[in-house]
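Here's the letter readout for the chains.
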Amino acid sequence: MSRVLVVEDEQHLAEGLRFNLEAEGYQVHLVETGEAALELLMSDAQAFDVVILDVMLPGKDGFAVISELRQAGKFIPTLMLTARGHPEDVLKGFAAGADDYLTKPFDLSILIARLGGLLRRHEWLRASLNHENTVAAPPKPKETFTFGDKSVHFDLLELRVREQTFPLTLMEANVLRYLIEHEGKPVSRKMMLEQVWGLHEDTDTRAIDNFIVRLRRYIEDDPTRPRHLLTVRGLGYRFVASPAKAG
Amino acid sequence: MVVAGRRKSIAFFIALGAGLISVILLLYIGWVLLNWRSGILLFLGILLLAMIIAGVVLNTTFLVREIRRNEQHDAFINAVTHELKTPVAAIRLYLETLQTRAVDEPKRKEFYRIMLDESDRLLTTIEQVLRTGRLGAASRRPNLAPIDLGGVVTECMARARTLYNIRPESLEYRPGPPVAILGDMDEVRAAISNLIENAVKYSGSDIKVTVDTALVDGKYVSLRVSDQGAGIPSNELKRIFKRFYRAPGSLATRVKGIGLGLYIVRSVAKRHGGRAWAESEGPGRGSTFVLQLPIAK
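Residues numbered from 1 in each chain as written. Chains lettered and ligands numbered in written order. Predicted model: local features only at pLDDT ≥ 70, side-chain atom pairs only at ≥ 80, totals over all residues. Heavy atoms only, no water.

Draft legend 1. Up close: the overall build of chain A. Looking only at helices and strands, chain A features 8 helices and 12 strands. Expressed as a percentage of the 247 residues in chain A, the buried residues total 51%. Within chain A, contacts between residues separated by at least 24 positions form 56% of all contacts whose residues are at least 6 apart in sequence. Just so you have it, chain A exposes about 11,500 Å², and 52% of that area is on carbon and sulfur atoms. (Helix = DSSP H or I, 4+ residues; strand = E, 2+ residues; numbered from the N terminus. Buried < 20%, exposed > 50% of the residue type's maximum accessible area, 1.4 Å probe, protein only. Contact = heavy atoms within 4.5 Å. Areas by Shrake-Rupley, 256 points an atom, 1.4 Å probe, with all protein chains shown as cover.)

Given below as structure tokens:
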């Protein structure tokens, strides 16, 4: 049974979510503040499979909670739920490390579908990792990818650049994996949304740009003049493992 | 309202800027004409410097005030967004639940009650926003008629009791001599309701609110709403009546609101020729809000 942590201070909404998620077969735990959520997750991140996080909380807000979690290396899939639906709020949520974002008022079936999607991707990743570990004792080269003086460790959710190590969120790792699998070929934003996020809606595809900005910060020597993660105008992005030496 | 105030202050500062520039030009021309008299020169130099400093200070004050106003406005928009969308989200969630799932009878009743609560909350927010708009419109005069103050207070208290589900002894009314005031029933009721509901909201779990009325100088009647709640630091006592303003700190995020309630109280008091103010011994020591209105002759 999947365990969901719901962080929501509006009691009525929280109880409504609990009723529906329990009806869907989830095990639900409610907390009202960001501090309480952090305490639970920091001590035992394995206790939950997915988090539903409200933004406007008394005390620490949702953005602060998620970025603290990510900084502490807790990569539990998190869906942010908020009344603030401006593009800059959505981007702020993703920048802080959210895996998905939904604005209030939301459609119940969409919420449940997205939650299912997050859990499914998490399961896949875990299954593929377990598979790697049991079938082939040394991890397949696919789980690490080296280009230039950088290497991505998908199994550890880490990116190593020379001596530095950057932790990746699950979604960052998935985006990077997808780009690397299509190395050299242009990939459209829509394709990425479908393949990585599993979304088939006309969502604002700009949300992806934010992931790219963050990835560039890690892997590019000069993020303003990318050499690995190139923009393909009007379409999307292209990953180049070994760019030709620029003069 | 906001726009008019802003336009006025902008016009004032533009005029001030223009005035300063012309004085500086005048001084400069004067300097050219008089530069052979060093005494006058020194005097003019000091004057000029003082002018420039005054200009910079005024400019900064204006800028800071604008920025603060902007921030408050943003906070207000955020709070209103939250207060409008959250009840809708809750109502929608429960409606969808009722539509898609098998819900037993007691649960169904509970869901209906929650949805009614949330629609009341939504209505309260909408009314506060609309009332603020109406109060700000100068063309709209209050619709004056004699009102029995005691009756309005009793009515507002009954409303607060059902809305917040409080025991009768937690909310006490000590009526003074019966008085009639000349006022707009709708506005006076809103102001008194806001004071009582604020006292309840900021009391925390242990609600103990008293409302009393008394005559002042035979000309005014003052309505005092006292609580044993969070209290107010002395530097906030005036500010909390400003439009969009909400006292900073954890309390404001815990207690939901949009920063219009006390502004409405103060505006209503002013429109009726009265005043409204707050008294508090400090944080944690409760507070008293006073609404003073003239008695009908």
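Draft legend 2. Seen up close, the interface of chain A and chain B. Counting residues at the interface gives 22 residues for chain A, matched by 25 residues for chain B. Between chain A and chain B the total buried area reaches about 2,100 Å² when both faces are included, carbon and sulfur atoms providing 61% of it. Summed over the three residues of chain A that lose the most area to chain B, namely A:Glu10, A:His12 and A:Phe19, the buried surface amounts to 29% of that side. Summed over the shared surface of chain A and chain B, the number is 3 salt bridges. Linking A:Glu10 and B:Arg121 is a salt bridge whose minimum nitrogen-to-oxygen distance equals 2.9 Å. Inspection of the chain A/chain B interface yields 11 residue pairs in polar contact (both at pLDDT 80 or more). Those elements that provide at least two residues to the side of chain A that touches chain B are α1 (11-23) and α5 (108-135) of chain A. Per-element accounting of the side of chain A that touches chain B gives the leading share, 8 residues, to α1(A). For the side of chain A that touches chain B, a count of residues per class yields 11 nonpolar, 4 polar and 7 charged. (Buried area = accessible area lost by both parts, 1.4 Å probe. Salt bridge = Lys/Arg side-chain N within 4 Å of Asp/Glu carboxyl O. Polar contact = N/O pair within 3.5 Å; in protein donor to acceptor, adjacent residues only side chain to side chain. Nonpolar A, V, L, I, M, F, W, Y, C, P; charged D, E, K, R; others polar.)

Draft legend 3. How the structure looks around the nonpolar core. Formed by 56 residues in total, the largest nonpolar core has its most connected members in A:Leu159 and A:Val175. With 8 residues, helix α6 (residues 170-181) of chain A is the largest single contributor of residues to this core. Those residues within four positions of A:Leu159 in sequence are excluded, and the remaining contacts are A:Ser151, A:Val152, A:Gln164, A:Thr165, A:Phe166, A:Leu168, A:Leu176, A:Tyr218 and A:Ile219. If you look at the next biggest cluster of nonpolar residues, it comprises 41 residues, including B:Ile147, B:Val152, B:Met157 and B:Val268. (Core = buried A, V, L, I, M, F, W, Y, C linked by side-chain atoms within 4.5 Å.)

Draft legend 4. Seen up close, the pairing of strand β8 (residues 158-161) of chain A. Residue and element names in this part refer to chain A. Residues of β8 alternate between two faces, with Leu 159 and Val 161 buried on one and Glu 158 and Arg 160 left unburied on the opposite face. Summarising the sheet, strand β7 (residues 150-153) and β8 pair through 4 bridges and their orientation is antiparallel. Pairing of Lys 150 across the sheet is with Val 161, part of β8. Between the antiparallel neighbours β7 and β8 lie 4 residues, among them Leu 157 with a positive phi of about 55°. (Pairing = 2+ DSSP bridges.)

Draft legend 5. View of the side chain of B:Ser193. Position of B:Ser193 relative to the elements: it lies in helix α5 (residues 185-201). The contacts of B:Ser193, once residues within four sequence positions are left out, are B:Cys156 and B:Arg159.

Draft legend 6. Just helix α4 (residues 149-164) of chain B, in detail. Residues and elements named next belong to chain B. Under the 1.5 Å per step criterion, the end-to-end length of α4 is 22 Å for 16 residues, consistent within 8% with the ideal 22 Å. Restricting attention to buried positions, one finds in α4 the residues Leu 149, Val 152, Val 153, Cys 156, Met 157 and Ala 160. When α4 is viewed along its axis, its buried side chains cluster within an angular range of 130° and face the same direction. Where α4 is buried, its residues meet β1 (145-148), β2 (171-174), β3 (180-183), α5, β4 (209-216) and β5 (220-227). For α4, the capping residue at the N-terminal end is Asp 148, with a side-chain oxygen 3.4 Å from the backbone nitrogen of Gly 150. Among the residues trailing α4, Asn 165 stands out with phi positive, at a value near 55°. (Expected span 1.5 Å × (residues − 1). Arc of directions from axis to C-beta.)

Draft legend 7. Up close: the environment of B:Ile181. All names here are of chain B. Note that Ile 181 resides in strand β3. You can call Ile 181 buried: its relative accessible area is 1%. Separated by 35 residues in sequence, Ile 181 and Pro 146 have C-alpha atoms that sit 5.5 Å apart. Look past the residues within four positions of Ile 181 in its chain and what remains in contact with it is Ala 145, Pro 146, Ile 147, Leu 149, Val 188, Val 221, Leu 293, Pro 294, Ile 295 and Ala 296.

Draft legend 8. Representation of the packing of aromatic side chains in the model. Counting across every chain of the model gives 10 aromatic pairs over all chains. Relative to B:Phe111, the ring of A:Phe19 lies with its centre 5.1 Å away and its plane at 85°, an arrangement referred to as edge-to-face. One end of the pair, A:Phe19, is in helix α1; the other, B:Phe111, is in helix α3 (residues 105-136), on a second chain. B:Phe111 matches A:Phe19 in its accessibility class, with the two residues each being buried. These aromatic residues form a ring-pair network of at least three members: A:Phe19, B:Tyr94 and B:Phe111. One Lys or Arg, A:Arg177, reaches over the ring of A:Phe154 and ends 4.6 Å from the middle of that ring. Across from the ring centre of B:Trp277, 4.3 Å away, lies the NZ or CZ of B:Arg275, which sits over that ring. (Phe/Tyr/Trp six-rings, centres within 6.5 Å; stacked < 30°, edge-to-face > 60°. Lys NZ or Arg CZ within 6 Å of the ring centre and 35° of its normal.)

Draft legend 9. Quick look at the packing of α6(A) against helix α8 (residues 207-219) of chain A. Residue and element names in this part refer to chain A. The interhelical angle for the contact between α6 and α8, taken along N-to-C directions, is 80°, at an axis separation of 10 Å. Considering their axes alone, α6 and α8 lie roughly perpendicular with respect to each other. Contacts between α6 and α8 involve Met 171, Glu 172, Val 175, Leu 176 and Leu 179 on the former and, on the latter, Phe 211, Ile 212, Arg 214, Leu 215 and Tyr 218. Residue composition of the contact of α6 with α8, grouped by class: 8 nonpolar, no polar and 2 charged. (Axes fitted to C-alpha atoms, helices over the stretch in contact; angles between N-to-C directions. Parallel < 35°, antiparallel > 145°, perpendicular 65-115°, else oblique.)

Draft legend 10. Highlighting unusual backbone geometry. A cis amide bond links A:Lys104 to the next residue, A:Pro105, at an omega of -10°. Assignment of secondary structure puts A:Pro105 in the loop between β5 (100-103) and α5. Its identity is not glycine, yet B:Asn165 carries a phi of approximately 55°, on the positive side. Mapped onto the elements, B:Asn165 comes out in the loop between α4 and β2.

Draft legend 11. Expanded view of the sheet that holds β7(A). All names here are of chain A. In space, the 4 strands of this open sheet follow the order β6-β7-β8-β9, with antiparallel pairing throughout. Among the strands making up the open sheet, the edge pair consists of β6 (144-147) and β9 (164-167). The average angle at which neighbouring strand axes cross in this sheet is 15°, direction not considered. Two strands pair when backbone bridges link them, and β6 and β7 are joined in this way by 4 bridges, in the antiparallel orientation.

Draft legend 12. Just the sheet that holds β4(B), in detail. Residues and elements named next belong to chain B. If you walk across this open sheet you meet the 5 strands as β2-β4-β5-β7-β6, and the pairing is mixed. Here the strands that pair on one side only, and so sit at the sheet edges, are β2 and β6 (275-280). Within this sheet the neighbouring strands show an average axis-to-axis angle of 20°, counted without direction. As paired elements, β5 and strand β7 (residues 287-294) share 8 bridges and run antiparallel to each other. When the sheet's bridge partners are listed, Asp 227 is paired in β7 with Ser 287. The sheet strands contacting α4 are β2, β4 and β5, and the helix crosses β2 at an angle near 175°.

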